Amino acid sequence: MYLNPEEEKIFNGERGPTFQKAIEILTALGDIYGADRLIPIKSAQIAGVSYKTIGEAGLEWISDLKGKVAVPSILNPAGMDMECWKEMGISQDFADKQEKIIRAYEALGVRTECSCTPYNIFDNLAGFGDHVAWSESSAISYANSVIGARTNREGGPSALSAALIGKTANYGFHLDENREPTILIKVEAELHDSDYGALGYIVGEMAGDRVPLFKLSSIPAKDELKSLGAAMAASGAVALYHVLGVTPEAGKYEIPAETLTIEEKQIKDVYSSGEPDLIAFGCPHSSVGELRKLVRLLNGKKVKKEVWICTSRAIKNRHPELIRKLEKSGVKVFCDTCMVVSPASERFTCMMVNSGKAHKYVPNLCGVKSIMATTEECVSAAMMG
Ligand code: F3S
């Protein structure tokens, strides 16, 4: 892979070991995947934040780095709400370690907002055609598919390396030829709200890492596209999809010959019922529209079960009245974290979710049984003692 003279200097250690390591990581990836050069990025979204997932080794690695990121960079959810961690049942020891991780990123110039929906916090991180280095799978999917920005499935270290250098290797989804759809998904059902997460749950398993092009009979809202992409990235490895008539690049390519048809019954089969001891919303982090919907469904009534809503701190701070109404209903609103990456959910036995992504991850990553239900069913379950 070609490096310009400035990049060569970094590669040779002239800016110190942190930048040298960062460019080594980028060039190693570029060489593996056949990149021709490094390209500038507009922003980075960095995973590897929760102490639950990175542990002591990750904390040490980040703490040893010296320097400042070159582009706006934001963090993925951490293992706890950075303010209400006691309410989550997080131990002092975990909280101390988590705090150290956040401070280590902060010292590198990374913004300490911890969210998988950075596009709902800042407008200027990614626009159509921008190259970015994002690493949370649902955020990657949203950036590529809904915004039309360009990112590969970065890991935490490669996203941080890209943030430090301000560049990433030019391969994969940065190139037109890899953004072409490879499988057509015809959906013969009217979809609504969590149905998109259920659809993503099914299609991700079938599509693997291919690029689906959807032909839908309903027009999804942005939150529904968020759910669809998140679920496909969890049950499969889909990092980019298109929806005919909806997403910005869908009309640019030929319709693929290979076709899958999804019927209503398959969507309904993802849902089930049961006796949850935790009902959790906000995977990916709830938007203001989703919070409003929950306020409407709760209608001022008190919940009788443990109910969590995960959202970004920015959304919480911007909408205190909504949060007050939710909390008045007995719901716990947690920021900076989520039901999957926090160890706090591990003390429950059965979690009800309206998210295809959470439904996929909760059993494996939290050791907790998962039930997928519609948003309305989740709220009804929360009202039952
Ligand atoms: Fe976000 Fe956690 Fe779901 S990081 S996408 S809320 S698993």
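Residues numbered from 1 in each chain as written. Predicted model: local features only at pLDDT ≥ 70, side-chain atom pairs only at ≥ 80, totals over all residues. Heavy atoms only, no water.

**A look at the domain arrangement of the protein**
Selection rule: All domain edges in this entry derive from an automatic or database-based domain assignment. Contact between two residues is taken to exist if any of their heavy atoms lie within 4.5 Å; hydrogens are not considered. In this description, buried area is defined as the sum, over both parts, of the accessible area (probe of 1.4 Å) that is lost when the two are combined. Salt bridges are defined as contacts in which a side-chain nitrogen from Lys or Arg sits within 4 Å of a carboxyl oxygen from Asp or Glu. Nitrogen and oxygen atoms within 3.5 Å of one another constitute a polar contact, given that in protein one can donate a hydrogen and the other can accept it, and given that sequence-neighbouring residues count only through two side-chain atoms.
Parsing the protein into structural domains produces domain 1 (5–176), domain 2 (180–270) and domain 3 (278–383). The C-alpha centroid of domain 3 is placed 24 Å from the C-alpha centroid of domain 2. Taken together, the contact pairs 15 residues of domain 2 with 17 residues of domain 3. Each partner contributes to the roughly 1200 Å² buried at the junction of domain 2 and domain 3, and carbon and sulfur atoms together form 54% of this total. Scanning the region where domain 2 abuts domain 3 turns up three salt bridges. For K360, the salt bridge goes to E205, with nearest N and O atoms at 3.6 Å. Viewed at the interface, domain 3 and domain 2 are joined by five residue pairs in polar contact (both at pLDDT 80 or more).

**Points about the pattern of salt bridges**
What counts, and what does not: What counts as a helix is a DSSP run of H or I of at least four residues, what counts as a strand is a run of E of at least two, and both are numbered from the N terminus. Burial classification: accessible surface area is computed with a 1.4 Å probe over protein chains only, and a residue below 20% of its type maximum counts as buried, one above 50% as exposed, and the rest as partly exposed.
Within the structure shown, the criterion is met by 27 salt bridges. Measuring nitrogen to oxygen at the nearest pair gives 2.9 Å for the salt bridge that ties K52 to E346. With K52 in helix α3 (residues 51–64) and E346 in the loop between β13 (332–335) and β14 (350–353), this residue pair connects regions lying 294 residues apart in the sequence. Overall, K52 belongs to the partly exposed group, its relative accessible area being 26%. Owing to a relative accessible area of 38%, E346 belongs among the partly exposed residues under this scheme. Taking the shortest distance from any N to any O, the salt bridge between E290 and K226 comes out at 2.6 Å. Of this pair, E290 sits in helix α10 (residues 288–298) while K226 sits in helix α8 (residues 222–235); the two residues are 64 residues apart in sequence, bridging distant segments of the chain. Sharing partners across several salt bridges, the network here consists of R150, D176, R179, E249 and K252.

**Considerations on the sheet that holds strand β2 (residues 44–46)**
Operational definition: Between any two strands, at least two bridges found by DSSP are needed for them to pair. For every element, the axis is a line fit to its C-alpha atoms; helices are fit only across the contacting stretch, and the angle between N-to-C directions ranges from 0 to 180 degrees.
Here we have four strands laid out as an open sheet, ordered β4-β3-β2-β5, and parallel in their pairing. The sheet is open, and its two borders are formed by β4 (111–114) and β5 (133–134), each paired with just one other strand. Of the pairings in the sheet, the one linking strand β3 (residues 73–75) to β4 comprises two bridges and is parallel in character. Residue pairing for β4: L75 is matched across the bridge by C114. Across the face of the sheet, helix α6 (residues 156–165) comes into contact with β2, β3 and β5 while running at roughly 145° to β2.

**Overview of the environment of G148**
Turning to its location among the elements, G148 is positioned in the loop between α5 (137–147) and α6. Once the C-alpha coordinates of G148 and C114 are considered, the two residues, 34 residues apart in sequence, prove to be 23 Å apart.

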